[in-house]
Amino acid sequence: MNELQKFAKLTEDIATKNKLSESSVVLSESQDFIYDHRDELIQQYPDQWIAVYKKDIVGHHKDLLSLVRELRVNDAPLQHIALEMLSREEIPLALQFIL
């Protein structure tokens, strides 16, 4: 591998790490929004899955697969979207996917 190829590889690695870091920051921001507004979101979307991108609700549905299909049709940036089941009662994580 010559010096130019090494430089290209290093540049590619840095770009990849920055994209992953950016994706993590946006996803974290989306999850923080859900956590900070959970009570009001449960009032608006009881027993539904919600999709949050940054501080915007970009979808909601009672069925997770239907919500994901809707997001894909709308070309939503899935890697940045937080998905959460909103329920007034505590539902174990494993059961959230079959309800």
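Residues numbered from 1 in each chain as written. Predicted model: local features only at pLDDT ≥ 70, side-chain atom pairs only at ≥ 80, totals over all residues. Heavy atoms only, no water.

A few words now on the environment of aspartate 32. Residue placement: aspartate 32 occurs in helix H1 (residues 3-36). Spatially, the C-alpha atom of aspartate 32 lies 8.7 Å from that of lysine 54, the residues being 22 residues apart in sequence. (Helix = DSSP H or I, 4+ residues; strand = E, 2+ residues; numbered from the N terminus.)

Further remarks concern helix H3 (residues 64-73). Taken residue by residue, H3 has Leu64, Leu67, Val68 and Leu71 as its buried positions. Seen from one end, H3 has its buried residues packed into an arc of 95°, which puts them on one side. In H3, the exposed positions angled more than 90 degrees off the buried face are occupied by Leu65, Arg69 and Val73. Taken together, the buried residues of H3 touch strand E1 (48-53), strand E2 (56-61) and strand E3 (81-86). One or two positions beyond H3, positive phi appears at aspartate 75, with a value near 55°. (Buried < 20%, exposed > 50% of the residue type's maximum accessible area, 1.4 Å probe, protein only. Arc of directions from axis to C-beta. Contact = heavy atoms within 4.5 Å.)

On to the side chain of glutamine 48. If you trace the backbone, glutamine 48 turns up in strand E1. In this structure, glutamine 48 is in contact with His60, His61, Lys62, Glu84, Met85 and Leu86, ignoring residues within four places of it in sequence.

Turning our eyes to something else, we now look at the pattern of salt bridges. The full count for this structure, using the stated rule, is one salt bridge. With a closest N to O distance of 3.3 Å, arginine 38 and glutamate 84 form a salt bridge. Here glutamate 84 lies in strand E3 and arginine 38 lies in helix H2 (residues 38-44), a separation of 46 residues in the sequence. (Salt bridge = Lys/Arg side-chain N within 4 Å of Asp/Glu carboxyl O.)

The subject of this paragraph is the side chain of serine 30. Mapped onto the secondary structure, serine 30 falls in helix H1. In terms of polar contacts, serine 30 uses its side chain to reach the backbone carbonyl oxygen of histidine 80, at 3.2 Å. Excluding residues within four positions of it along the chain, serine 30 makes contact with Val52, Tyr53, Lys54, His80 and Ala82. (Polar contact = N/O pair within 3.5 Å; in protein donor to acceptor, adjacent residues only side chain to side chain.)

Sheet architecture is open: three strands sit in the order E2-E1-E3, paired in antiparallel fashion. Only two strands of the sheet have a single partner each, and these edge strands are E2 and E3. Averaged over all neighbouring strand pairs, the angle between strand axes comes to 25°, with direction disregarded. Where E1 lies against E3, six bridges are found, and the strand directions are antiparallel. Within E3, the residue paired with valine 52 across the bridge is alanine 82. Running at roughly 135° to E2, H3 makes contact with E1, E2 and E3 of the sheet. (Pairing = 2+ DSSP bridges. Axes fitted to C-alpha atoms, helices over the stretch in contact; angles between N-to-C directions.)

What is shown is where atoms sit, not what they do.
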